[in-house]
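Remarks on the overall topology
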Amino acid sequence: MDIYPIVFHFFAALVTISALGVVLMPSPIYSALCLALTMLFLSGLFFILDAQFLAAVQLMVYAGAVVVLFVMVLMLFDLRNENQPFSGNWRVNLSKLGVIALGFILIALPCTYLMKASNSEWLQSRGLETKKLAELLFSKHIFAFEVVGALLTVVLIGAIALAKAKGGTHARTE
Amino acid sequence: MGKDIFEVGINLAKVAVIFLMMIQAVPLLVWLERRGSAFIQNRLGPNRVGPLGLLQLLADAVKFIFKEQFIPGNAAKFLFLAAPVVALIPAALAFTAIPLSIPIQVEAFEMLGKSWGPYTFQFQGVKMDSGIIYILAVSSLGAYGLLLAGWASANKYSLMGALRASAQMISYELGLGLSIVGILMIYGTFDLNAMIDMQKGPLQFSFLGSEYVIPFLPNWGIFYQPLGALLFFICNFAESNRLPFDLPESEGELVAGFHTEYGGFKMLMFFMGEYGHMMVGAGLVTTFYLGGYLIPGLTEDTVRTLIATEVGAGTVANLLTALVFHVSFIVKLALLLWIFIWVRWTLPRFRYDTLMNLGWKTLLPWTLANAAITAIVLYFARGI
């Protein structure tokens, strides 16, 4: 018996449930924690596709750093009043579900179509080792890779400059 | 997992046993910490219960289990209870990927009227091709346990501790990841077992086309990356929230930081998480820089033939050989853990801004420089 489909559906269901939790949870802090869970299960999906490096990077960067920062910032707020717009009544929740369903149809249908078209290619790229990934990144996609790096650096410096201009702990003291 | 029920069963039992080994090491380390700190500070430490105070551990365990379970009134109950579990899991998961000894060959044998085997069992939880990536990824989740504990306790001290903990762990993760780039470039693999294989034999390397062999030194990573080893070890202190980096629970300012509201077994689980992170850190330093389970001057075959002359070749000899190498690993691990404890009772705590300055302005540039210099030296030395 092939165990792969069972594991896949298990993780897919968990990803879907936790992603729904992000939208439907009444408190923003629980939403952020659901987001972390989504990242965790998503990396599980990458892992069973033999994309171990991608799975680990997903965990390290998103679950381990980005969402930790989200949670950290959320913890600093007084969340008692923030609960209101998030919980809403049944009409708000129903419309949320409607939007989710619409988004799902808009994104999932073209994706499945495209996946079928390039299925054989996708299958060939399974088991992509970290070494091969690195070779691709530093040869074929070197330009895009470096441009993204430069872009991120610019964003970082811009964020620091903006934060300094607006005051705060690291503001210039005049 | 395995091709028949025997192999699957052993592999499953192995994961449980390694987890229990890790958990059982915690009381011993607590005892070592209390006695060791006492001797460092010219005291005696707990020495009343049992020989050398060893039964104190048992008394502590009983106390931890039977203490009253307390949940603060304003706490977020679910997260308050979940936080200690979340704190323990990353360390436990990471420890399964560290190779503890040589693989054990089990020869074919007869049992219950069937013939089984031969098998090869890895002396580690799970063998992975990209073990180090997995360990880094899993232990990066360690911040959640502390964050959740701090927030769910509904206590200002806890929240401050949690914020410090997460900021500190994220900052030092950069140093942690970058400090091993040098050694990863030298080994050229993410596989921890392959790394240990490369550290066999005496120190030998090729530089500018000529071969050098230094027979009296083992071929360990620390001789190639002394700075990397030091930086990695320092970052591990911050990752496991040990002094001098234990700002999240600095008792002078924050009562007990993120675990102020915790007591009994829940508190113990945070302890296990901290000691687990220490063990993972020490295990990684051993694997990268100190030759893992290898014994300098002795090869696998020498030990095996030596043992085989006593008990006869076969499964038993293989098992004993693996145990000998496992003891070697344990000795190195224990030495590093002792350094963790020793540092804790020797150095004072950092102030929060000096901690951040150390992480971002000292460790990060040094680790980057280490990686860059290693890359340049490798480029010229190996002539790639």
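Treat the numbers as computed from the prediction; the structure is a model and nothing was measured.

With that settled, consider the overall build of chain A. Counting its secondary structure elements, chain A contains eight helices and zero strands. Order of helices (α) and strands (β) in chain A, N terminus to C terminus: α-α-α-α-α-α-α-α. When burial is assessed residue by residue, chain A has 16% of its 174 residues classed as buried.

Let's shift gears to the environment of Gly182 of chain B. Residue and element names in this part refer to chain B. Topologically, Gly182 is positioned in helix α7 (residues 181–187). Gly182 gets classed as buried once you count the C-beta atoms within 10 Å, which come to 28. Residues Gly182 and Leu368, spaced 186 residues apart in sequence, show a C-alpha to C-alpha distance of 9.3 Å. Here Gly182 is in contact with Gln225, Gly228, Asn370, Ala371 and Thr374, once residues within four sequence places are set aside.

Our focus in this paragraph is the packing of helix α3 (residues 52–75) of chain A against helix α4 (residues 131–139) of chain B. Interhelical geometry of α3 of chain A versus α4 of chain B gives an angle of 20 degrees and a closest axis separation of 8 Å. Taken as axis vectors, α3 of chain A and α4 of chain B run roughly parallel relative to one another. Of the two possible hands of crossing, α3 of chain A and α4 of chain B adopt the one that is left-handed. For the pair α3 of chain A and α4 of chain B, contact is made by Gln52, Phe53, Ala56, Leu59, Met60 and Gly64 of chain A and by Ile133, Tyr134, Leu136 and Ala137 of chain B, respectively. Looking at side-chain class alone, the contact of α3 of chain A with α4 of chain B contains eight nonpolar, two polar and no charged residues.

Residue and element names in this part refer to chain B. Of note, the phi angle at Asn42 is positive, near 60 degrees, even though the residue is not glycine. With respect to the secondary-structure elements, Asn42 resides in the loop between α1 (5–40) and α2 (56–66). At Ala154, a position not held by glycine, the phi torsion is positive, near 55 degrees. Looking at where Ala154 falls in the secondary structure, it is placed in the loop between α5 (142–152) and α6 (156–179).

Another aspect to go through is helix α14 (residues 352–382) of chain B. All names here are of chain B. Over its 31 residues, α14 runs 43 Å from end to end, which matches the ideal 45 Å to within 8%, given 1.5 Å per residue. If you look at α14, its biggest bend is around 35 degrees, right at Leu363, and the proline Pro365 turns up within four residues after that. Listed in full, the buried residues belonging to α14 are Leu355, Gly359, Leu363, Thr367, Asn370 and Thr374. Residues of α14 that are buried make contact with α6, α7 and α9 (226–239).

Procedures and definitions
Residues numbered from 1 in each chain as written. Chains lettered and ligands numbered in written order. Predicted model: local features only at pLDDT ≥ 70, side-chain atom pairs only at ≥ 80, totals over all residues. Helix = DSSP H or I, 4+ residues; strand = E, 2+ residues; numbered from the N terminus. Buried ≥ 20, exposed ≤ 12 C-beta atoms within 10 Å, placed from the backbone. Contact = placed C-beta atoms within 7 Å. Axes fitted to C-alpha atoms, helices over the stretch in contact; angles between N-to-C directions. Parallel < 35°, antiparallel > 145°, perpendicular 65-115°, else oblique. Left-handed = near helix turned anticlockwise from the far one by under 90°. Nonpolar A, V, L, I, M, F, W, Y, C, P; charged D, E, K, R; others polar. Expected span 1.5 Å × (residues − 1). Bend = angle between axes of the 7 residues up to and from the residue.

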